[in-house]
Each structure stands twice: as structure tokens, then as C-alpha cells.
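# Inside the fold
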Amino acid sequence: MMRVLILGGTAQARLLAQQLAPRLDVQLSLAGVTRTPIPQPVPTRRGGFGGAEGLALYLRDQAIDALILATHPFAARMPFNAAQAAADTGVPLLRLLPPPWQPQPDDHWQSVPSLEAVPALLGSSPLTVLLTIGRQQLTAFTHAPQHHYIIRSIEALPADLALSHVTSLRRRGPFSLKDEIALMNDYAVDRVVSKNSGMDSVKAKLTAARELGIPVMMVERPPSPDITTVARVEAAIDWLLDLPASVWPQA
Ligand code: NAP
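For clarity, every value in this text was computed on a predicted model and none was experimentally measured.

### Points about the overall build of the protein
Helix and strand content of the protein: seven helices and 12 strands. Principal-axis analysis of the C-alpha atoms places the extent of the protein at approximately 65 × 35 × 30 Å. Across the protein, the fraction of contacts at a sequence separation of at least 24, relative to all contacts at a separation of at least 6, is 63%. For the protein, the computed accessible surface area is about 12,300 Å², with 52% contributed by carbon and sulfur atoms. Charge separation in the protein, taken as the distance between the mean sites of 22 positive and 21 negative side-chain charges, equals 5 Å.

Dropping the structure here:
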């Protein structure tokens, strides 16, 4: 059977692994940042490889036939590592990446080039800001302590986060439109800060913001190397099954 390594950390990676498991020999790799990951449908390893060289070594050691990059669209380093390791080993590489969200006519989005740029753009008057950006890059907001931050994250906030006006909500998606509207109303949210992940599982917040007329600060994606990319799990499966005979292990 063809041996496939999926670099995961997203719901799409989990779904792909689940759908491939009956047909191919699939391994999933997670960075290991979530302390309470949900159960995965295939054998799973956790932790970094040690850069592009470490990943190339792993691909060779494990006799991996194909590599699927299905990390989060804002995982900045892994795409470059995967591209380098694939080039070094000759292992075919595909990226599974949903297209970015596009604003609808009733949306009030402000496109922001990076998360670090958001605090200054929030202005000086105190606002209630819903941060749906995880818990890893919150330090930037210590430069704008005048706002009340509602921070939604899977894990607890860092103990040393130097922000006093914070409400921490520990929740894991997907989130329904009803819940998103209730959350924004309950906390009288003035702004939503979102990464443009394009992921269906967290899209309801944008519909909620549109319906409530709340402006969204939309952080654009980090740079990426040039990798053959598909948007949907079904297309990734087709790509794998269409790989040339030379990639498939001989019986
Ligand atoms: P990153 O900048 O691409 O990765 C940082 C380092 O973490 C990589 O160099 C690699 O270490 C290790 N790593 C990342 N993904 C890995 C995987 N699937 N398996 C093994 N090692 C992995 O990514 P990040 O922003 O730190 O995110 C870490 C993980 O969280 C990613 O898997 C991503 O899918 C997930 N995630 C990220 C975000 C986000 O907004 N950034 C949101 C939700 C989930 P080595 O160089 O040592 O191999």
C-alpha cells in the first residue's frame, strides 16, 4: 500500500486521514501544541521533525511515498519545510488549503497584513474586541491595553499574558451561527479579529458579524512557497490516486 504522511493540525487533515485510512497506509503528524487533542483516526506522531532536514530524514526513514501538507493556513514555517524536504527527497507533495474568505456586500471588513498590525488599528477609544486567533500570538495586544478582549481559545491563556481586561472563553469549534450571535450579543462585541483561514468550521462568526453589523479586522495569510494546492479533501484523494505508477510501492 502507498504510505502517506499528512502534516495536520486542522479538521480537514483529520477528515482526509479518516477517508484515506481504508485504502492507504496513512500516518498523521501533529505539532503537539494542543495539550488535549481530539482522537485521530490513524496512527499519529507528535512534535517537530527538526526543520526541513529532519522532515526529509523522516520521509526517507519511514519510506513515505507521498506527503500532504494540511497544516493551518497560518502555520508559517511548515510549508517551507515541507517544500524543501519534498524537493530534497523527491517525495510528491500536495497542499490541502481552503481558499481565503471573500467579503460579502454587507460585510465591514478591514484587511490587515499581519496580526502585529491589528492593535494600532483598533484606535485609542476602549472597545470590546473578540479575538478568535488562538492563544499563541496574544502578546501583540499588550500594546493596546485599553480594550476589553474576549479571547476564545482551545487551551488556557498563557499565565504570563500581560493583559488585565480579558475574558477567557475555552471553546473548541465548530461554532454555530446561533452561538456566535449569542456570544457577540452577550458581550456587546464592537470588533471581531479573525485570521483569514477560509475554514468552514469557524466561518459562522463572519455571518454573525455581518448580521449584527459588527466590523471585522481580517488578518491576511502569511507568505507561502509555491506548492501544488487543492481546496477540498476529495481533490486530495484524487491527486493521491492519480499519482504515477512509479510512486506506488511494488507488490
Ligand atoms: P509553523 O510555524 O508552520 O510550525 C512551527 C514548527 O512546528 C515547525 O517548524 C515544526 O517544527 C512544527 N510543526 C508544525 N506543524 C507540524 C506538524 N503537523 N507535525 C509536526 N511538526 C509540526 O506552525 P504554527 O503556527 O507554530 O502551528 C503549529 C501547529 O498548530 C500546526 O500544525 C498548525 O496546523 C496548527 N495550528 C496553527 C494555527 C495558527 O494560527 N498558526 C491555528 C490552528 C492550528 P520542526 O521544524 O521542528 O519540524
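### Some points on the nonpolar core
Counting 25 residues, the largest nonpolar core has Met2, Ile6, Leu16, Leu20, Ile68, Leu96 and Leu240 as its most contacted members. Looking at this core, the elements that each hand over two or more residues are β1 (3-7), α1 (11-20), β2 (25-30), β4 (66-69), β5 (93-96) and α7 (233-241). With five residues, α7 is the single largest residue contributor to this core. Leaving out residues up to four positions away in the same chain, Leu96 has contacts with Gln12, Leu16, Ile68, Leu69, Ala70, Val230, Ala231, Arg232, Val233 and Ala236. Within the second largest apolar cluster, 21 residues are counted, among which are Val118, Leu138, Ile151 and Leu161.

### What about the pattern of salt bridges?
Scanning all chains against the criterion turns up four salt bridges. Between Arg210 and Asp107 there is a salt bridge, with the nearest N and O atoms lying 2.9 Å from each other. With a gap of 103 residues between them, Arg210 in helix α6 (residues 204-212) and Asp107 in the loop between β5 and β6 (109-112) connect regions that are remote in the sequence. Residue class for Arg210 comes out partly exposed when judged on its relative accessible area of 27%. When the shortest N-O distance is used, the salt bridge between Asp200 and Arg232 registers 3.7 Å. Of the two residues, Asp200 is situated in the loop between β10 (191-195) and α6 and Arg232 in the loop between β12 (229-230) and α7; the sequence distance between them amounts to 32 residues.

What counts, and at which threshold
Residues numbered from 1 in each chain as written. Predicted model: local features only at pLDDT ≥ 70, side-chain atom pairs only at ≥ 80, totals over all residues. Heavy atoms only, no water. Helix = DSSP H or I, 4+ residues; strand = E, 2+ residues; numbered from the N terminus. Contact = heavy atoms within 4.5 Å. Areas by Shrake-Rupley, 256 points an atom, 1.4 Å probe, with all protein chains shown as cover. Lys, Arg positive; Asp, Glu negative; His and termini not counted. Charge placed at Lys NZ, Arg CZ, Asp CG, Glu CD. Core = buried A, V, L, I, M, F, W, Y, C linked by side-chain atoms within 4.5 Å. Buried < 20%, exposed > 50% of the residue type's maximum accessible area, 1.4 Å probe, protein only. Salt bridge = Lys/Arg side-chain N within 4 Å of Asp/Glu carboxyl O.

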